[in-house]
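Chain by chain, the residues run as shown.
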Amino acid sequence: MKFIRRAKAHWKGSGMEGSGTLTTQSNVLKDTPYSFHTRFKDEVGTNPEELVGAAHSGCFAMQLSFVLGEEGYSPESLEVDSKITFEDGNVTHSTLTLKGKVPGIGQEDFEKLANKAKDICPISKLLKAEIVLESELKN
């Protein structure tokens, strides 16, 4: 299977005083504002790091559901939080925190399958940063 997804950015002005908008092919993001202040301060709008975090947590959760299904498990819920670390001009880490409710699985198998999903998740493969996974099985 091969497909292409698009997103576009529009930017005006300098790095610190300028601003831009992001639009995704699906229009889930449509002219969503971003700027120096939404990236490095707490102004309302988005930024590349939180979008990477959303992509990584979403991709990993879906990948894990496939991996669990291949082993005969059906998750009731998978909650994934991604913390993206930006340091000295680089994204250095994506820390995935997983809380799963999966009937019939033990902690050891859950962690093994979660780590497999982390390694084969397409967004994990895309990132050059260290990717850390923290997981918790809720029973």
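Above this text you will find the structure in question.
Residues numbered from 1 in each chain as written. Predicted model: local features only at pLDDT ≥ 70, side-chain atom pairs only at ≥ 80, totals over all residues. Heavy atoms only, no water.

Trainee: Would you mind going over the pairing of strand β4 (residues 77-87) with me for this structure?
Mentor: Remark: a regular strand shows side chains that alternate across the two faces of the sheet. For β4 and strand β5 (residues 90-101), the ladder comprises eleven bridges, and the chain directions are antiparallel. By the bridge assignment, E79 is partnered in β5 with K99. The antiparallel hairpin formed by β4 and β5 contains two residues in its connecting segment, where D88 sits at a positive phi of about 50°. (Pairing = 2+ DSSP bridges. Helix = DSSP H or I, 4+ residues; strand = E, 2+ residues; numbered from the N terminus.)

Trainee: Hey, could you run me through helix α3 (residues 107-120) in this one?
Mentor: Helical geometry note: an α-helix holds 3.6 residues per turn, so side chains three or four residues apart project in the same direction. Along its 14 residues, α3 runs 20 Å from first to last C-alpha, staying within 8% of the 20 Å computed at 1.5 Å per residue. Every buried residue of α3 is listed here: F110, L113, A114, A117 and K118. In an axial view of α3, the angular spread of the buried residues amounts to 145°, which keeps them on one side of the axis. Across from the buried face of α3, at angles greater than 90 degrees, the exposed residues are E108 and K112. The elements touched by buried residues of α3 are α2 (48-70), β5, α4 (122-126) and β6 (130-137). (Expected span 1.5 Å × (residues − 1). Buried < 20%, exposed > 50% of the residue type's maximum accessible area, 1.4 Å probe, protein only. Arc of directions from axis to C-beta. Contact = heavy atoms within 4.5 Å.)

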